[in-house]
Structures are given as structure tokens and as C-alpha cells.
Amino acid sequence: MADSSLNNKVIIITGASSGIGKSLAYSFASQGARLVLFARSADKLTALADELVGKGAVVSIVSGDVSKEEDCRQLIHSVMEKYGRIDVLINNAGQSMRALFETADLKVIRQLMDVNFWGAVYCTKYALPELIKSKGSLVGISSIAGKKGLPGRTGYSASKFALEGFLETVRTENIKKGLHVLVACPGFTSSNIRANALSGQGNIQGESPRDEKSMMTSDEVADLIVNAVEKRRRDLVLTLNGKLAVWLNRLFPSWSDRLVYNHMAKEPDSPFK
């Protein structure tokens, strides 16, 4: 779209092969952006890129693992070689878990921190000088779990809290440099993140424990995030329940603890009751 402020902007999306990342690719492409899609699955990235290019989008793909610093450095290097600039970095790659901390293997907590937190740190570290030059946007896809600790999601909540603290600090450090930092917090979203969540021992969970029919879709979430990037918003908390959870936790934290416990305990095969 020629009248979009995102037209021809160079936008990197991590975790772009599925879920919210894939939906973000479609949404940014509709605004005329030039996309760089990053994920571990080269096959999925190729299929997505082929479809977007068929619709007239400008798309490049880079396969790699955000939990590996060198892969992130190479991502940013390849973008600069191809385009010479970076306007938006979307730190979207993420993984969840479902287990009590008491019974979880620490390797699972470490893996979630490596993907959800360190992946964003690595990509941001190498992209930041270019984002400052372009007065661009640094985006972190967090979660309501980054505002309120969720039982059974210890590593996930911890990684999202860490991500938010990191982004808030980067925002403040660069307050005079024109850098835009957005922290986007979807609520429960109909995507594959729960199906790919880890058990306490590190196995893939498989089927989602929640009814996803009434959830916001990843396409709806992506459109709202793209709009927030375009408007250079500071924070985005999605869904009425998400906003309510943040508000209750701020004003009535003890009551909020009990509400969240009771809500999460209703999940099928919940690890606690």
C-alpha cells in the first residue's frame, strides 16, 4: 500500500514460519514492507516466501536458531548486505512450557530463556545500531504471562518478564535517539505455541490443553501489532481478559493470585488443582 508508512521498510521477523510470526509476515506484506523472515525451518520459510512473492511482496528468508548468538549475528549481517538498513525488528520467536517448577527439569527453563529472552537479546544487540540510524522500531512479542506469573508456566513467565525488563531498559537508554520500542502482549491466542510447548521433562506437549475456538486468532493479533508499529505505540495489551488481568494484578495482587490459580487449574490435565 503506497500510502502506508511501512511501505518499503525493511522488517525482520523472527519465528516467522508459523503462528503469530507467519501472520505478521502476511500483514506487513500487505503494507508494502520488504520482509526478512527468520526461523529454524527452511522448508516452511521457503513455502511462505513463495506464497508472499506470488502476491507481489518482497521477501528474503534466513534459516537459523535464535538461541544461537552466531545465527543471530549472521541474520543481521545478511540483512545489511542485502538492504543496507533495518527499519523494524520483530522479536517474535518463542516457546512455551506446561509443568510445575517443582517437577520441571531445569534444562526446560534454560531452553525457554535461551529462545524467548536470549534470542531477543542477541538479535537486538546486532540490529540496534541500525535501528538507531533509521529511528526505527524494536518490537518484543511478550505475553500477559510477562505481566502476571502463570502457574504451570514458570519458564515461560520468567522469560517474558525478563524480555519486558530488557526492552524497557533499552527504550529508556535510547530515549533521546528516536528509537521506538513496542512491547506487545497478546492474551491466549489461537496458534501452535501450546501444541509445541514443552513438558516438564522437555518433550513436546502435542495437543493444546485449551479450547482455542473462542481465542483471538493469530491474524487478528498480527494486524493489531502492525497497527501499533505504524503508530509507534509503547505498549499493546490484547483482549479484555488480558487487560483485566493486568489491572487486577496491579490493584489487587493477592486476589489476582487466587483468580489465576483457579483459572489455570481448570485446564484439562492441569499439573495442579
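Every chain begins its residue count from 1, and numbering advances along the sequence as written. Two thresholds apply to this predicted model, a pLDDT of at least 70 for residue-level local features and 80 or more for giving and counting side-chain atom pairs, whereas whole-chain, interface and lining totals are computed over all residues. Hydrogens are left out, water is left out, and the side-chain values use all remaining heavy atoms of the structure.

What about the nonpolar core?
If you look at soluble globular proteins, the nonpolar side chains tend to sit buried side by side. For our purposes a nonpolar core is just a set of buried Ala, Val, Leu, Ile, Met, Phe, Trp, Tyr and Cys residues, chained together by side-chain atoms within 4.5 Å. Burial status follows relative accessibility: with a 1.4 Å probe on protein chains alone, a residue under 20% of its type maximum counts as buried, one over 50% as exposed, and anything between as partly exposed. One finds Ile12, Val36, Leu75, Val79 and Leu138 to be the most contacted residues of the largest nonpolar core, which totals 35 residues. Taken together, the elements giving at least two residues each to this core come down to strand E1 (10-14), strand E2 (34-39), helix H3 (69-83), helix H4 (106-134), helix H5 (154-173) and strand E6 (180-185). The dominant element in this core, judged by the number of residues it contributes, is H4, at nine residues. Whether two residues touch is decided by their heavy atoms; if any such pair falls within 4.5 Å, the residues are in contact. Among all residues touching Leu138, those that are not within four sequence positions of it are Leu89, Asn91, Thr124, Leu131, Leu167, Val170, Leu179, His180, Val181 and Leu182. Core analysis: the next-biggest nonpolar cluster, separate from the first, contains 33 residues, Ile13, Ala29, Leu45 and Ala222 among them. For the purposes of this entry, the term helix denotes a DSSP run of H or I that reaches at least four residues, the term strand denotes a run of E that reaches at least two, and both are numbered from the N terminus.

Structural notes on the packing of helix H1 (residues 19-30) against helix H6 (residues 218-230)
The interhelical angle for the contact between H1 and H6, taken along N-to-C directions, is 55 degrees, at an axis separation of 8 Å. Between H1 and H6, the angle is such that the two are oblique. Handedness of the H1/H6 crossing: right-handed. Counted together, Gly19, Ile20, Ser23, Leu24, Ser27 and Phe28 of H1 and Ser218, Asp219, Val221, Ala222, Asp223, Ile225, Val226 and Val229 of H6 form the full contact between these two elements. Amino acids outside the nonpolar list (Ala, Val, Leu, Ile, Met, Phe, Trp, Tyr, Cys, Pro) and the charged list (Asp, Glu, Lys, Arg) are all regarded as polar, and Gly is one of them. Considered class by class, the residues forming the contact of H1 with H6 number eight nonpolar, four polar and two charged. Orientation is described by lines fitted to C-alpha atoms, with helices fitted over the stretch in contact, and by angles between N-to-C directions that extend from 0 to 180 degrees. Each angle is binned into one of four classes, with values under 35 degrees roughly parallel, values over 145 roughly antiparallel, values of 65 to 115 roughly perpendicular, and all other values oblique. Helix crossings fall into two classes, left-handed where the near helix is turned counterclockwise from the far one by less than a right angle and right-handed where it is turned clockwise.

Things to note about a nonpolar patch on the surface
Think of a patch as exposed residues, more than 30% relative accessible area, with no salt bridge, where like charges cluster within 9 Å and nonpolar side chains (Val, Leu, Ile, Met, Phe, Trp, Tyr) cluster within 5 Å. For accessible areas, the Shrake-Rupley method is used with a probe of radius 1.4 Å. Any residue's cover is judged against the shown protein chains and nothing else. Any Lys or Arg side-chain nitrogen found within 4 Å of a carboxyl oxygen on Asp or Glu counts as a salt bridge. On the surface, Leu244, Trp247, Leu251, Phe252, Trp255 and Leu259 cluster together to form a nonpolar patch covering roughly 580 Å² of accessible area. Among the elements that take part in the nonpolar patch, helix H7 (residues 240-251) stands out by supplying three residues, more than any other.

Considerations on the sheet that holds strand E3 (residues 58-63)
Spatial ordering of the open sheet is given by E3-E2-E1-E4-E5-E6-E9, a layout of seven strands whose pairing is parallel. At either margin of the open sheet sits one strand with a lone partner, and together these are E3 and strand E9 (235-237). With strand direction ignored, the average angle separating the axes of adjacent strands in the sheet is 15 degrees. Only when DSSP finds a minimum of two bridges between them are two strands counted as paired. Note: E6 against E9, three bridges, orientation parallel.

So, the packing of aromatic side chains
To describe a pair of aromatic rings, one takes the distance between the centres and the angle between the planes. For this analysis, a ring pair means two rings from Phe, Tyr or Trp (six-membered ring only for Trp) whose centres lie within 6.5 Å, classed as stacked if their planes differ by under 30 degrees, edge-to-face if by over 60, and tilted for the remaining angles. All told, the structure shown has five aromatic pairs when counted by the stated rule. Taken together, a centroid distance of 6.1 Å and an interplanar angle of 75 degrees make the contact between Trp247 and Phe252 edge-to-face. Judged by its relative accessible area of 40%, Phe252 falls in the partly exposed class. Between Phe252 and Trp255 the ring centres are 6.1 Å apart and the planes differ by 75 degrees, which places this aromatic pair in the edge-to-face class. The partly exposed category is assigned to Trp255, whose relative accessible area is 43%. Placement of a charge over a ring requires the Lys NZ or Arg CZ to be within 6 Å of the ring centre, with the centre-to-atom vector within 35 degrees of the ring normal. Against the face of Tyr83 rests Lys82, its NZ or CZ located 5.6 Å from the ring centre.

Some words on the pairing of E3
Pairing of E2 with E3 involves six bridges; the strand directions are parallel. Within E3, the residue paired with Leu37 across the bridge is Ile61. The definition of a right-handed crossover adopted here requires that, viewed with the strands pointing away, the path from the first strand over the helix to the second runs clockwise. Running through helix H2 (residues 42-54), the crossover from E2 to the neighbouring parallel element E3 is right-handed.

Focus on the pairing of strand E4 (residues 88-91)
Side chains of E4 alternate between two faces, with Val88 and Ile90 and Leu89 and Asn91 buried alike. Strand direction decides the pairing type here: E1 and E4, joined by three bridges, are parallel. If you follow Ile11 over to E4, its bridge partner there is Val88. Relative to strand E5 (residues 137-141), E4 runs parallel, the two sharing four bridges. Bridge pairing in E5 places Leu89 opposite Leu138. Where the polypeptide runs from E4 across H4 and back to E5, its parallel neighbour, the crossover connection is right-handed.

What about the state of the cysteines?
Cysteine sulfur atoms are paired as a disulfide whenever they come within 2.5 Å of each other. All chains considered together, the criterion is met by zero disulfides. Looking at the unpaired Cys123, the closest cysteine sulfur is the one in Cys72, lying at 3.5 Å.

Some thoughts on the pattern of salt bridges
In total, this model carries nine salt bridges according to the counting rule given. With its nearest N and O atoms 2.7 Å apart, the salt bridge here joins Arg153 to Glu267. One end of the pair, Arg153, is in the loop between E5 and H5; the other, Glu267, is in the segment after helix H8 (253-265), with 114 residues separating them in the sequence. When sorted by exposure, Arg153 lands in the same class as Glu267, which is buried.

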